[in-house]
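Examining the three-dimensional arrangement
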Amino acid sequence: MAESTVLELKKVTKRFGDVVAVDGLNIPSINKGEFVTFLGPSGCGKTTLLRMIGGFYYPTSGSVIMYGEEINNIPPEKRKTSMVFQNYALFPHMSVFGNIAYGLKVRKLPKEEIQQKVRRILTLVKMEGLENRKPIELSGGQQQRVALARCIVIEPEIILLDEPLSNLDASLRIMMRAEIRKIQQSLHLTVIFVTHDQEEAMSMSDRIVVMNEGKIEQIGTPTDIYEKPATLFVAGFIGFINLIKGRVESIQSDNVVVSTGVGELINNNKNINGLSIGDGVTIIVRPESVTFGKKLSKKEKNCLRGSIINYTYIGSVVRYTIDVDGLDSPFILDVPNPEGRGIFQSGENVDISLPGKFHFIKD
Ligand SMILES: Nc1ncnc2c1ncn2[C@@H]1O[C@H](COP(=O)(O)OP(=O)(O)OP(=O)(O)O)[C@@H](O)[C@H]1O
Ligand SMILES: [Mg+2]
């Protein structure tokens, strides 16, 4: 265990009858001051895992280890964690102020200090003036902010947040992402954040744990997860992808040649771990990582030829769907809004130039 390790999970499993919600899951270390996000589709076990870390569920098997000690059966109030639940779980009979102050009162802080801390956090979550309302008199988004404030105000060592921004409107959500990140960094808090929103995960986290069916698909920085997805699931879950299936034809010291339905593609990538000639691979191409233009007379390296099927004008980008000979499904390509440069129309022939370095996943 490294000096700064706060939390480790070893082969953690949680069953509910026949349902295996979390399945032998390992996380080697979550470090002090780190912002880690559990990301995955609905039902993949995120809440169950977070509840086991908070002490609201006990694992069926495996170990939850905090500061080097197994804490499997320690109740929530004896842990150094504080959790915001997916359904907020505010105290209905208490005011906003009472809800936020609750944890500080339990800790017997002086009245003045409680006032001061609650006021500060009310400003932070933009809830000034609403401190005397009861939860039932608040909108969903306002309740969510109270829940967040109640958790943060006690400055716990580990904050567990279960989709805390899901009920906010788009602009408030983006603002709160930045606020949470700022608070976390300034207080050097360890945060475990749960979301099924990949953009939220990418924009807030130091590391992302991508989950699927109770298991981990990949743990990595947002850049790793986006640029070097370990599995097709991760690649597809984090944004749109084009897939080109192929077979490794040759391996040199600094490139790999892959034969595909669109011809030979050359990957100038020195990081050729564990590949052998003949291996089946899937090349991952993000829609924004390619360039394209009017049909060139001479075929360039890593160039695909296609014709425009249609396009969608999204505003910031134009998304083209392109028919490429030799590919099973159309190629999707994003171009930043071309403004004066014009938009290609359906039926026009284009050449698509793939990046010289691409990422692929072994079958
Ligand atoms: N108390 C329970 N009893 C029985 N099954 C449960 C219980 N809690 C969760 N499950 C099941 O365990 C699986 C994981 O549920 P969990 O709530 O952890 O998913 P999640 O990733 O948080 O999903 P969401 O994004 O929808 O909140 C699901 O199949 C769910 O139906
Ligand atoms: Mg959940």
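Residues numbered from 1 in each chain as written. Chains lettered and ligands numbered in written order. Predicted model: local features only at pLDDT ≥ 70, side-chain atom pairs only at ≥ 80, totals over all residues.

What follows covers the overall build of the chain. In terms of regular secondary structure, the chain is built from eight helices and 20 strands. Seen through its C-alpha atoms, the chain measures out along the principal axes to roughly 80 × 50 × 40 Å. In the chain, which comprises 363 residues, the share counted as buried stands at 36%. Sequence separation of 24 or more characterises 64% of the internal contacts of the chain that already satisfy a separation of 6 or more. (Helix = DSSP H or I, 4+ residues; strand = E, 2+ residues; numbered from the N terminus. Buried ≥ 20, exposed ≤ 12 C-beta atoms within 10 Å, placed from the backbone. Contact = placed C-beta atoms within 7 Å.)

What follows is about the site of ligand 1. Within the structure, ligand 1 sits among 13 residues, and Phe16, Ala21, Ser42, Thr47 and Thr48 are positioned closest to it. Broken down by secondary-structure element, the contributors of at least two residues to the shell around ligand 1 are strand S2 (19-31) and helix H1 (46-54). A breakdown of the residues in the shell around ligand 1 according to their chemical character gives four nonpolar, eight polar and one charged. (Near = placed C-beta within 6 Å. Nonpolar A, V, L, I, M, F, W, Y, C, P; charged D, E, K, R; others polar.)

Along helix H2 (residues 96-106), the residues classified as buried are Val96, Asn99, Ile100, Ala101 and Leu104. Considering only its buried residues, H2 is in contact with helix H3 (111-124) and helix H4 (140-152). Looking one or two residues past H2, Lys108 carries a phi angle of roughly 60 degrees, positive in sign.

Ranked by internal contacts, the top residues of the largest apolar core, which has 90 residues, are Ala149, Ile192, Val209 and Ile352. Counting only domains with at least three residues in this core, you end up with domain 1 (5-236) and domain 2 (240-362). The contacts of Val209, once residues within four sequence positions are left out, are Ile27, Val36, Thr37, Phe38, Leu39, Ile216 and Ile219. (Core = buried A, V, L, I, M, F, W, Y, C linked by C-beta atoms within 7 Å. Domains from an automatic or database assignment.)

Across the sheet, which stays open at both edges, the five strands sit in the order S15-S19-S16-S17-S18 with antiparallel pairing between neighbours. Single-partner strands in this sheet number two, and they are strand S15 (291-294) and strand S18 (331-336). Across this sheet, the average inter-strand angle for adjacent strands is 45 degrees, counted without regard to direction. In this structure, strand S16 (residues 303-313) lies alongside strand S17 (residues 317-324), joined through seven bridges in antiparallel fashion. In the strand pairing of S17, Tyr311 is matched with Tyr320. (Pairing = 2+ DSSP bridges. Axes fitted to C-alpha atoms, helices over the stretch in contact; angles between N-to-C directions.)

So, on to H4. Across its 13 residues, H4 extends 19 Å between first and last C-alpha, which sits within 8% of the 18 Å expected from 1.5 Å per residue. Contacts made by the buried residues of H4 are with strand S6 (81-84), H2, H3, strand S7 (158-162) and helix H5 (170-186). (Expected span 1.5 Å × (residues − 1).)

Here we come to the environment of Val118. Counting through the fold element by element, Val118 comes out in helix H3. C-alpha of Val118 to C-alpha of Ile100: the two residues are 18 residues apart in sequence and 6.5 Å apart in space.

Interface size is often expressed as the accessible area that is lost when the parts come together. The domain boundaries assigned to the chain delineate domain 1 (5-236) and domain 2 (240-362). On a C-alpha basis, the centres of domain 1 and domain 2 stand 39 Å from each other. Counting residues at the interface gives seven residues for domain 1, matched by five residues for domain 2. Taken together, the residues of the side of domain 1 that touches domain 2 sort by class into three nonpolar, two polar and two charged.

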